[in-house]
Amino acid sequence: MPSSEPSSVGSVASAGGRRAQASYHSSATASASHRTLDSIRDEVAHSVAVRAITKATTIEGAKISVYFTFSKKDDDVFLRRVAEILRARIPSRHLFAIGTTGAPSPTSPTNTNTLVITGAEDDDVQRAVLLFSSKFLGRVASVTNHGTFLVAAVHEIGISSYDSAALWDVLSKSVRAPLDPLSPPPGSRSIDQLVSASRTRLQRVTPHQAWEVLHDPTYPIPAFLVDIRPASQRARSGGIHGSLIIERNDLEWRFDPRSEARLAIADRYDLRIIVYCEDGHASSLAAAALHDVGLLNATDMIGGFEAWKAEGLSGQIKPPSTLSETGTWEALSQPSPSFRLTVACITYLTFIRLFWLRFLSDSDGPNLLVLDLNGYPRVLQSAEL
């Protein structure tokens, strides 16, 4: 019967489809059952390599990238496999740093994480080895150098943001082409350019203007004159009595309100800090550094101490009212000779009145030389003792 033929054909097709589907599932099940731990780890290694490539950036024709993954069993073998995949996928010049972070692998004999730096060229990797070692001093337990890649055991790598930034810096410097030592590197600025750039951020004052600010009782915010010169310059040239002496290498720590080493007076960000040096150059850089920590009213004195003397201003200013344990006021650090003599005399007389000087021997027995309450010497006879 003609109408039965399509039904028969449909049944055959349906049965064939079921057999094909069953065969597919059977094949997929067999394939899944044949997956091993090594094949899974290889898939993870491919995934890590792809993510590292995705993060890569190009510097002077070379791809660089830094990528961290969680620590795994046998990190060394796993990261070596990632390095192999990277070299196979990127035949061109590249330099990658791949590390494990988190709790170290239980199989690590040094209780460290593992870092692999791999690249296409030996020179790039060798430069990276040197830079990496200098940036992670005291944290590198061991380094195995294989030419185009190195394997390093590093304590607690990847925990802080410093580690990632440091590795990016290592890779970017390692792939840069050698420079002419007599030509300034791209992006660098001369010291004159740095000083000029600093001064664009400041409202610089003349010595006379600084004097007026320091002696104006109606000035709305605390103002300080700060001498950042080294001791040798202060000894040679003199200074301004009443200024606060904070040498350049301590300046930011003493005035940053967030610093544990700050002065007692550095408890606010609106301080009017007037920095001066010998000639007004280093002070501009110093004042700009104070801007960087948030002290936007900081500035420097045009011409420095030399300009102060040239304008004939007094060597004495009204000192700030608040003393600090860590600061040194010029008026106290350089007292006058008469002040020194007075302190020495008072100290000497006080000491002599409290303690005896020496015993004298004569025929009548021991005598004692002392000072009376008026400060005059007197010999006590043995009968008076």
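A quick note: this is a predicted structure, and the numbers were derived from the prediction, not measured.

Analysis parameters
The residue count restarts for each chain, going from 1 along the sequence in the order it is written. In view of the model being predicted, local features appear only for residues whose pLDDT reaches at least 70, and side-chain atom pairs are presented and counted only at 80 or more, with totals across whole chains, interfaces and linings using the full set of residues. In computing side-chain values, all of the structure's heavy atoms are included and hydrogens and water are not. Salt bridges are defined as contacts in which a side-chain nitrogen from Lys or Arg sits within 4 Å of a carboxyl oxygen from Asp or Glu. Here a helix means four or more residues in a row that DSSP labels H or I, a strand means two or more in a row labelled E, and each is numbered from the N terminus. Burial classes: relative accessible area under 20% of the type maximum marks a residue as buried, over 50% as exposed, and values in between as partly exposed (1.4 Å probe, protein chains only). At least two DSSP bridges between two strands are needed for those strands to be called paired. For every element, the axis is a line fit to its C-alpha atoms; helices are fit only across the contacting stretch, and the angle between N-to-C directions ranges from 0 to 180 degrees. A contact between two residues is defined here by any heavy atoms of the two lying within 4.5 Å. The pLDDT score gives, residue by residue, the confidence of the prediction method on a 0 to 100 scale. Any two rings among Phe, Tyr and Trp, with Trp reduced to its six-membered ring, count as a pair given centres within 6.5 Å; such a pair is stacked if its planes are under 30 degrees apart, edge-to-face if over 60, and tilted if neither. Distance and angle both matter: a charge sits over a ring if NZ of Lys or CZ of Arg is within 6 Å of the ring centre and within 35 degrees of the ring normal. Side-chain atoms within 4.5 Å are what join buried Ala, Val, Leu, Ile, Met, Phe, Trp, Tyr and Cys residues into a set we call a nonpolar core. To estimate the expected span of a helix, subtract one from its residue number and multiply by 1.5 Å. Comment on the angle field: the value is read as roughly parallel under 35 degrees, roughly antiparallel over 145, roughly perpendicular from 65 to 115, and oblique elsewhere. For a crossing to be left-handed, the near helix must be turned anticlockwise from the far one by less than a right angle; the clockwise case is right-handed. Residues are grouped as follows: Ala, Val, Leu, Ile, Met, Phe, Trp, Tyr, Cys and Pro are nonpolar; Asp, Glu, Lys and Arg are charged; all remaining types, including Gly, are polar.

> How would you explain the pattern of salt bridges if you had to name every residue and give the values?
One pass over the structure, following the stated rule, counts 18 salt bridges. Two residues, Arg229 and Glu278, come together in a salt bridge whose shortest N-O distance is 2.8 Å. Taken together, the residues Arg229 in the loop between β7 (223-227) and α8 (231-237) and Glu278 in the loop between β9 (272-276) and α10 (282-292) connect sequence positions 49 residues apart. When its relative accessible area of 10% is taken as the criterion, Glu278 is described as buried. Its salt-bridge partner being Glu252, residue Arg248 comes within 2.9 Å of it at the nearest N-O pair. Using a relative accessible area of 30% as the deciding quantity, one classes Arg248 as partly exposed. Since its relative accessible area comes to 18%, Glu252 is described here as buried. Each of the salt bridges in this network shares a partner with another, and the network as a whole consists of Arg93, Glu121, Asp124 and Arg127.

> Give a description of the sheet that holds strand β2 (residues 62-70) that names residues and reports values.
Spatially, 6 strands are ordered β1-β2-β3-β4-β6-β5 in an open sheet, and the strand pairing comes out mixed. Of all the strands in the sheet, the pair left with one neighbour each is β1 (57-59) and β5 (140-145). With strand direction ignored, the average angle separating the axes of adjacent strands in the sheet is 20°. By the bridge criterion, 5 bridges tie strand β3 (residues 94-101) to strand β4 (residues 113-119) in an arrangement that is antiparallel. Residue pairing across strands places Leu95 opposite Gly119, the latter belonging to β4. Across the sheet, helix α2 (residues 37-55) is in contact with β1, β2 and β3; its angle to β2 comes to roughly 135°. Sheet strands in contact with helix α5 (residues 161-174) are β1, β2, β3 and β4, and its direction is about 155° off that of β2.

> Give me the confidence of the model for the chain: which residues, what numbers.
For the chain, per-residue confidence averages 80 on the pLDDT scale, and 72% of positions sit at 70 or higher. Within the chain, the element-level pLDDT minimum falls on helix α12 (residues 330-333), averaging 40, and the maximum on strand β10 (residues 299-300), averaging 98. A low-confidence stretch, residues 1-13 (pLDDT under 50), is modelled with 0 contacts involving residues beyond four sequence positions or located in other chains. Across residues 356-363, confidence stays below pLDDT 50; counting only partners more than four residues off in sequence or on other chains, it has 12 contacts.

> I'd love a proper account of the side chain of Asp256, names of residues and values included.
Structurally, the position occupied by Asp256 is in the loop between α9 (251-255) and β9. Look at Asp256 and you get buried, because its relative accessible area is 14%. Setting aside its immediate chain neighbours within four residues, Asp256 contacts Arg262, Tyr269 and Val293.

> Give a description of the packing of aromatic side chains that names residues and reports values.
A complete count under the given rule lists 4 aromatic pairs for this structure. Judged by centre distance (5.1 Å) and plane angle (40°), the rings of Phe132 and Phe136 are tilted. Grouping residues by exposure puts Phe132 and Phe136 together as buried. With centroids separated by 6.1 Å and ring planes inclined at 55°, the aromatic side chains of Trp211 and Trp308 adopt a geometry described as tilted. Of this pair, Trp211 sits in helix α7 (residues 207-214) while Trp308 sits in helix α11 (residues 304-310), and the two are 97 residues apart along the sequence. A residue is classified by how much of its surface remains accessible, and Trp211, at 23% relative accessible area, is partly exposed. Trp308 sits in the buried class, given a relative accessible area of 1%. Joined through ring pairs, the aromatic side chains of Phe132, Phe136 and Tyr162 make up one cluster. Over the aromatic face of Phe305 sits the side chain of Arg229, whose NZ or CZ is 4.7 Å from the ring centroid.

> How would you sum up the nonpolar core? Please name residues and give values.
Within soluble globular proteins, side chains that are nonpolar tend to cluster in buried spots. In this structure, Leu95, Leu115, Ile117, Phe132, Leu167 and Leu171 are the most contacted members of the largest nonpolar core, which totals 22 residues. Every element with two or more residues in this core is listed here: β2, β3, β4, α4 (122-135), β6 (149-154) and α5. Excluding residues within four positions of it along the chain, Leu171 makes contact with Ile64, Ser65, Val66, Leu95, Phe96, Ala97 and Ile117. Among the nonpolar cores identified, the runner-up in size contains 19 residues, and Phe255, Leu263, Val293 and Leu295 belong to it.

> How would you explain α2 if you had to name every residue and give the values?
Count 3.6 residues to each turn of an α-helix, and residues three or four apart come out pointing the same way. Between its terminal C-alpha atoms α2 stretches 27 Å, which fits the 27 Å expected from 19 residues at 1.5 Å a residue. Buried residues in α2 make contact with β2, α3 (75-89) and β3.

> Let's hear about the packing of helix α6 (residues 191-199) against α10: which residues, and what values?
The relative placement of two packed helices is expressed as an angle between their axes plus a distance between the axes. Between α6 and α10, the least distance of the axes is 9 Å, while the angle of their chain directions is 50°. Our classification of the angle between α6 and α10 gives oblique. The chirality of how α6 crosses α10 is left-handed. On α10, the residues touching Ile191, Leu194, Val195, Ser198 and Arg199 of α6 are Ser284, Leu285 and Ala288. Here the residues of the contact of α6 with α10 sort into 5 nonpolar, 2 polar and 1 charged.

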